[in-house]
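Here's the letter readout for the chains.
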Number of protein chains: 2
Amino acid sequence: MDRVDSKIVSLLYENARIPISEMSRNIAMSQPAVTERLRKLEEQGVITAYRAKVDPYKLGLHTMAFVLFKTNTCKDFVAFSESSPEIVDLYRISGEYNFLIKVLSETTESMTRFLEKCNVFGFSTTLIVLSTDFEDRSLLDRDITNYPFP
Amino acid sequence: MDRVDSKIVSLLYENARIPISEMSRNIAMSQPAVTERLRKLEEQGVITAYRAKVDPYKLGLHTMAFVLFKTNTCKDFVAFSESSPEIVDLYRISGEYNFLIKVLSETTESMTRFLEKCNVFGFSTTLIVLSTDFEDRSLLDRDITNYPFP
DNA sequence: GTTGAAAAAACAGAGGA
DNA sequence: TCCTCTGTTTTTTCAAC
């Protein structure tokens with residue numbers, strides 16, 4: 001992982017559908033060399049996926065919430081979460097609560113119905129998202145002086 | 001937005017670098033027709049971006065946290081957040097706290113230093129992420145009977 | 001890491017249900 | 001309007017170095 005790799009990842013973060021030929025022009029390196037570097041970045045697990053980012057509002061998902069859980073039935077809760085498409089993210093956290101989930105639902109009413117289903121797992125606190133200032137910022141636009149690069 | 005569009009978005013969620021020709025074979029529609037539908041999905045804002053998903057651990061970012069804030073200086077806090085690369089997500093929420101941020105930092109020590117900088121904005125509660133069970137689940141693998149499709 | 005040729009994909013226009 | 005067909009340009013793949 002050097003500056004060229006960092007540039008490749010950065011370009012693919014900005015636009016995952018960029019042609020390799022365009023990247024190769026951008027960083028002044030031959031196209032097969034970029035292809036091989038990209039293959040290694042995927043193999044090493046630096047790049048784990050390429051995703052289209054979808055606007056939830058355009059799919060009718062108008063309500064977002066974060067929910068904190070305090071539960072003893074962890075295994076059951078994880079199984080429930082995996083089978084609930086409303087739950088987009090699932091984190092284990094330290095502190096008073098032991099789980100944090102991000103939920104997307106159609107309306108506040110459907111969100112309420114979903115939260116009622118969750119009550120069996122223990123105490124919870126719901127944080128309704130009023131607006132998103134930004135989301136999913138680049139991990140590469142940082143001061144890279146402390147990066148784990150050789 | 002019909003079933004074909006839904007399939008296109010779904011395929012691009014699974015792999016944003018899939019060739020249009022492969023999608024066209026998958027859904028039995030000509031390549032220019034898929035190209036045109038994709039153009040419209042982007043134009044309508046259903047698809048907002050294509051992103052390479054990067055493993056933060058592989059970049060040396062070993063510590064993730066969610067931080068809740070109770071602040072009066074909203075404008076200043078947003079400006080601070082925008083200029084802080086550690087902050088990946090920024091949400092305004094309802095309830096006792098008015099902001100929720102997701103933070104990625106190198107170590108617990110660098111996270112601590114960052115959190116100290118945040119203290120000027122008001123009261124905060126930090127939730128350290130111990131592990132991520134899943135993140136960024138598909139919005140399209142739902143029961144689409146209630147979808148806002150014609 | 002580079003070059004160069006063959007294969008594949010994307011693009012742009014014409015025309016049909 | 002939405003699609004298919006077709007020729008041209010661009011990109012990817014794969015060989016050899």
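As shown above, the structure is provided for reference.
Let us look at the structure shown here. Going along each chain's sequence as written, the residues are numbered from 1 onward. Think of it this way: whatever chain is written first is A, whatever ligand is written first is 1, and the rest follow in order. Side-chain atom pairs in this predicted model are given and counted only at pLDDT of 80 or more, local residue features only at pLDDT of at least 70, and totals for whole chains, interfaces and linings cover all residues. Note that water and hydrogens are dropped before the side-chain values are worked out from all heavy atoms of the structure.

Describing the overall build of chain A
Right, so step 1: Secondary structure elements follow DSSP: runs of H or I no shorter than four residues count as helices, runs of E no shorter than two count as strands, and numbering proceeds from the N terminus. Counting secondary structure elements, chain A contains five helices and five strands.
Right, so step 2: Shown N-terminal to C-terminal, the secondary structure of chain A runs as helices and strands in the order α-α-α-β-β-α-β-β-α-β.
Right, so step 3: It is over C-alpha atoms that the radius of gyration is taken, and the globule rule equals 2.2 Å times the number of residues to the power 0.38. Here the C-alpha atoms of chain A give a radius of gyration of 20 Å, more than 25% beyond the 15 Å that 2.2 N^0.38 yields for 150 residues.
Right, so step 4: With the principal axes as the frame, chain A shows a C-alpha extent of 55 × 35 × 25 Å.
Right, so step 5: Contact definition: two residues touch when any of their heavy atoms are within 4.5 Å. Partitioning the contacts of chain A with sequence separation of at least 6, the portion at a separation of at least 24 is 64%.
Right, so step 6: In this description, accessible areas are obtained by the Shrake-Rupley approach with a 1.4 Å probe, and a residue is regarded as covered only by the protein chains that are shown. Surface accessibility of chain A: about 7300 Å² in total, with carbon and sulfur atoms responsible for 51%.

Describing the protein's contact with DNA strand C
Right, so step 1: Close to DNA strand C lie Met-29, Ser-30, Pro-32, Ala-33 and Arg-37 of chain A together with Pro-19, Ile-20, Ser-21, Arg-25, Gln-31, Pro-32 and Thr-35 of chain B.
Right, so step 2: The near set for a molecule or strand comprises every residue that places at least one heavy atom within 4 Å of it. Protein-proximal atoms of DNA strand C, defined as those within 4 Å of the protein, fall in sugar or phosphate at a share of 71%.
Right, so step 3: Within the backbone of Ser-21 of chain B, one N or O atom sits 2.7 Å away from a phosphate oxygen of DNA strand C.
Right, so step 4: Take Arg-25 of chain B: an N or O atom from its side chain is 3.4 Å from a phosphate oxygen of DNA strand C.
Right, so step 5: Those elements that provide at least two residues to the surface near DNA strand C are α3 (31–43) of chain A together with α2 (20–26) and α3 (31–43) of chain B.
Right, so step 6: Partitioning the surface near DNA strand C into residue classes produces six nonpolar, four polar and two charged. Between N or O atoms, a polar contact is any pair within 3.5 Å; within protein, one atom must be a potential hydrogen donor and the other a potential acceptor, and residues adjacent in sequence are included only when both atoms are from side chains. Residues were grouped as follows: Ala, Val, Leu, Ile, Met, Phe, Trp, Tyr, Cys and Pro as nonpolar; Asp, Glu, Lys and Arg as charged; and all remaining residues, including Gly, as polar.

Some remarks on the protein's contact with DNA strand D
Right, so step 1: As a structural note, the neighbourhood of DNA strand D is formed by Pro-19, Ile-20, Ser-21, Arg-25, Gln-31 and Pro-32 of chain A together with Met-29, Ser-30, Pro-32, Ala-33, Arg-37 and Lys-40 of chain B.
Right, so step 2: If you look at DNA strand D and keep only atoms within 4 Å of the protein, 71% of those are sugar or phosphate atoms.
Right, so step 3: Measuring from a phosphate oxygen of DNA strand D, one finds a side-chain N or O atom of Ser-30 of chain B at 2.5 Å.
Right, so step 4: Measuring from a phosphate oxygen of DNA strand D, one finds a side-chain N or O atom of Arg-37 of chain B at 2.6 Å.
Right, so step 5: Among the elements of the structure, α2 (20–26) and α3 of chain A together with α3 of chain B are those that each provide at least two residues to the surface near DNA strand D.
Right, so step 6: A total of four residues in the surface near DNA strand D trace back to one element, the largest contributor, which is α3 of chain B.
Right, so step 7: The class makeup of the residues in the surface near DNA strand D is six nonpolar, three polar and three charged.

Brief notes about helix α5 (residues 108–118) of chain B
Two residues of an α-helix separated by three or four positions point the same way, owing to the 3.6 residues in each turn.
All names here are of chain B.
Right, so step 1: Categorising residues by exposure relies on relative accessible area from a 1.4 Å probe, with only protein chains included: less than 20% of the type maximum marks a residue as buried, more than 50% marks it as exposed, and the intermediate range marks it as partly exposed. Among the residues of α5, those classed as buried are Ser-110, Met-111, Phe-114, Leu-115 and Cys-118. Down the axis of α5, the smallest arc covering the buried residues is 140°, so these residues share one side. In α5, the exposed residues that point more than 90 degrees away from the buried face are Arg-113 and Glu-116.
Right, so step 2: Of the surrounding elements, those touching the buried residues of α5 are β2 (63–70), α4 (74–82), β3 (87–93), β4 (99–105) and β5 (123–134).
Right, so step 3: The residue sitting at the N-terminus of α5 and contributing the capping side-chain oxygen is Thr-107; that oxygen lies 3.3 Å from the backbone nitrogen of Glu-109. Throughout, the arc means the angular range of directions from the helix axis out to the C-beta atoms.

That's the geometry; what it means functionally is another story.
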